[in-house]
Amino acid sequence: MEPTAGPVLYRQLQLWDPSLESGQEEEEEEETSELVVPDPRRPQDSSRDEAGGLPGAWARLVAALLLLAVGFSLAVGRLPASSGSAAPPPSGHSHHPGVYHHGGVISPAATCSHLGRELLVAGGNVVDAGVGAALCLAVVHPHATGLGATFWGLFHNSTSGSSTALTPGPARTLAPGLGLPSALPALRLLHAHFGRLPWSRLLVGPATLAQDGFLVDTALAGALAARSTEGLCPLLCHADGTPLGPGARATNPKLAAVLRGAALAPSPDLAGDALLSLLARDLGLRGPSPGPGPTLEPALQLPMPQGILSTTPSPSAGPELLARVEAALRSGGPSPDPCLLVPRAPVTPGSGVLATIDSSGSVLLLTSSLNSSFGSGHLSPSTGVLLSDLVAESASGGWACPLVLHGGSDDTEADVLGLVASGNPVVARVTTRALLSRLAGPQAQAQQQQQQGPTQSPSTCGQGTLLQVAAHAEHAHVSSVPSGCCTFQGF
């Protein structure tokens, strides 16, 4: 078509059709091609629009857009649903709660499990997530753990296949009846060797919780209701001296300042120095003399048909755990008595546990203790830290025995299995039973229940908490006994 004066109308791009190709060259250039989708606004035998209608080029453009919309809607209908859609695709799969593609965190406090998950999402590894969650628990669960607590840990590195134990060293006394805090040096040491995120990043969340406040959960409220508030006010009390209940907001700005200061520590040795200086000033002491501190050392190991069992060395219940497992393997299976129930201990250790795992099989298990609920009950006014009563004469760590089973054969239930428990001196017995029951498999467990009758749960036997984590088929699994004791988060 020859150019004419007036507005320029862009010609329609035709849809390609092989059947039209043979005679197309014979058509004159002035002739307008037929639309694949005819324009309903004009007769089919007309080459021009009726008077008063749209110009022919505009009609063709509208028809082309209509065709494009129809084609696009058909194409979208064939695409799989996106990951953010409400309904999963027919070919997709879903998971039970506690099963994650990348990693998971389980702890007694929902706030701390969520904080650990945030560190995983931010690019951290299981050590970053576990240490961050432990520092969070130090703020929101002062009855069970804290910066005044003693820590034990077990880290399995799936890349190297090695397992490393975190040990607190000999219990030391800060003052009569008051244990020397070692939490900050222990956690800083663990992170310095195996963490990925900056150390300061791990303390942002806990410091914010201490400064801005956190909600008292049922675990903390129950511990407060079970004891007098002497020594805990005003931190955990109302103005009238009554203990805070569930849902009340508590703050600890002095502890927030300690955490912010610890974030600047360039080495594990210096992580707790500022805290110790403040504590010494509160107590009118010159300061503790140098002595053995937390260490990292190879885990104790026991080869098993299902893989290699790793746990913590003394001072802990790890050696007892290995002896019990080895004896059970020699005898051909678990003891007929599911848990050998014993009376509740007169003083149950006040302790906290948590676990982190990723789908590759790296695991961090942490357990900590103030020895008693709220430790010594002595609240440092300059630091907001509750000191433990775990002193040299105490049975230091006699109940701590985290374990990791790794390197198993293809027919085992999990590629990597981690168990960590707390709450009773018979925890080694309970953990041994839980491990052997897990290895026995569902069929063996059902057969054993038929022969022996219903068995007691680990929580009944140990009167505490048992956390279980596993990596299997490129997924991370987290759970607990009892099931409602702890919350988990993953992604």
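Residues numbered from 1 in each chain as written. Predicted model: local features only at pLDDT ≥ 70, side-chain atom pairs only at ≥ 80, totals over all residues. Heavy atoms only, no water.

Undergrad: Sorry, what's going on with the nonpolar core here?
TA: The biggest cluster of nonpolar side chains holds 72 residues, and the ones touching the most others in it are Leu 135, Val 140 and Leu 147. For this core, the element with the highest residue contribution is helix H4 (residues 126–140), accounting for twelve residues. Once residues lying within four places of it in the same chain are set aside, the contact partners of Leu 135 are Leu 147, Leu 184, Leu 187, Trp 199, Leu 202, Leu 203, Pro 206 and Leu 259. Counting 24 residues, the second largest nonpolar core, distinct from the first, contains Met 304, Leu 322, Val 325 and Leu 390. (Core = buried A, V, L, I, M, F, W, Y, C linked by side-chain atoms within 4.5 Å. Buried < 20%, exposed > 50% of the residue type's maximum accessible area, 1.4 Å probe, protein only. Helix = DSSP H or I, 4+ residues; strand = E, 2+ residues; numbered from the N terminus. Contact = heavy atoms within 4.5 Å.)

Undergrad: Can you help me understand the pairing of strand S13 (residues 363–371) in this one?
TA: Looking along a regular strand, one sees the side chains alternate between the two faces of the sheet. The element S13 is largely enclosed, with a buried count of eight among its nine residues. Here seven bridges tie strand S3 (residues 150–157) to S13, and the two strands are oriented antiparallel to one another. Within S13, the residue paired with Gly 153 across the bridge is Leu 366. (Pairing = 2+ DSSP bridges.)

Undergrad: Teacher, can you tell me more about H4 here?
TA: Side chains three or four residues apart in an α-helix point the same way, a direct result of the helix having 3.6 residues per turn. Taking 1.5 Å as the rise per residue, H4 with 15 residues should run 21 Å; its terminal C-alpha atoms sit 21 Å apart, in good agreement. Among the 15 residues in H4, 15 count as buried, and that is most of the element. Near the N-terminus of H4, the side chain that reaches the backbone nitrogen of Val 127, with its oxygen 3.1 Å away, is that of Asn 125. (Expected span 1.5 Å × (residues − 1). Polar contact = N/O pair within 3.5 Å; in protein donor to acceptor, adjacent residues only side chain to side chain.)

Undergrad: Is there a simple way to think about the state of the cysteines in this case?
TA: Two cysteines whose sulfur atoms are joined by a covalent bond form what is called a disulfide. Enumeration according to the criterion identifies two disulfides in this entry. Through a disulfide, Cys 233 is tied to Cys 237; the S-S separation comes to 2.0 Å. Where Cys 233 bonds to Cys 237 through sulfur, the torsion about that S-S bond is close to -85 degrees, and the disulfide is left-handed. Free of any disulfide, Cys 485 has its nearest cysteine sulfur in Cys 486, 3.0 Å distant. (Disulfide = S-S within 2.5 Å.)

Undergrad: Explain the packing of H4 against helix H6 (residues 199–212) to me, please; I cannot follow it from the model alone.
TA: Two packed helices can be described by the angle between their axes and the distance between those axes. Between H4 and H6, the least distance of the axes is 9 Å, while the angle of their chain directions is 25 degrees. Taken together, the axis directions place H4 and H6 in an arrangement best described as roughly parallel. Here the hand of the crossing between H4 and H6 comes out right-handed. Packed against H4, whose contacting residues are Asp 128, Val 131, Gly 132, Leu 135, Cys 136, Val 139 and Val 140, the element H6 presents Trp 199, Leu 202, Leu 203, Pro 206, Leu 209 and Ala 210 at the interface. (Axes fitted to C-alpha atoms, helices over the stretch in contact; angles between N-to-C directions. Parallel < 35°, antiparallel > 145°, perpendicular 65-115°, else oblique. Left-handed = near helix turned anticlockwise from the far one by under 90°.)

Undergrad: Any chance you could explain the environment of Ala 110 here in plain terms?
TA: If you trace the backbone, Ala 110 turns up in helix H3 (residues 110–121). C-alpha of Ala 110 to C-alpha of Gln 489: the two residues are 379 residues apart in sequence and 8.2 Å apart in space.

Undergrad: How should I be thinking about the sheet that holds strand S11 (residues 307–311) in this particular structure?
TA: Sheets are built from strands that pair by backbone hydrogen bonding, the pairs being arranged parallel or antiparallel. Reading across the sheet, the seven strands line up as S1-S17-S16-S15-S14-S11-S10 and stay open at both edges, with antiparallel pairing between neighbours. Lying at the two open borders of the sheet, with one neighbouring strand each, are strand S1 (99–100) and strand S10 (300–304). Sheet strands in contact with helix H11 (residues 318–331) are S10, S11 and strand S14 (403–406), and its direction is about 10 degrees off that of S10.

Undergrad: Where do I start with the confidence of the model for the protein in this structure?
TA: Interpretation of the predicted coordinates at a detailed level should be avoided for regions scoring low in pLDDT. Across the protein, pLDDT averages 78, with 70% of residues at or above 70. The least confident element of the protein is helix H1 (residues 18–24), whose mean pLDDT is 41; the most confident is H4, at 98. Note that pLDDT drops below 50 for residues 1–54; the model gives that stretch 30 contacts with residues more than four away or on any other chain. Predicted confidence for residues 336–346 stays below pLDDT 50, and this span has 20 contacts to residues more than four positions away or in other chains. (pLDDT = per-residue confidence, 0-100.)

Undergrad: Help me out: how do you make sense of helix H7 (residues 218–225) in this one?
TA: Residues of H7 that are buried include every one of Leu 220, Ala 221, Ala 223 and Leu 224, and no others. Axial view of H7: buried residues confined to an arc of 160 degrees, hence all on one face. Residues of H7 that are exposed and angled more than 90 degrees away from the buried face: Thr 218 and Ala 225. Packed against the buried residues of H7 are H4 and strand S7 (214–215). (Arc of directions from axis to C-beta.)

Undergrad: Please clarify how the side chain of Thr 312 should be interpreted in this entry.
TA: Following the sequence through the fold, Thr 312 ends up in the loop between S11 and H11. Since its relative accessible area comes to 0%, Thr 312 is described here as buried. At 2.9 Å, the side chain of Thr 312 forms a polar contact with the side chain of Ser 316. Aside from chain neighbours lying at most four places away, what touches Thr 312 is Gly 153, Leu 154, Ala 165, Leu 300, Gly 318, Pro 319, Ala 400, Cys 401 and Pro 402.

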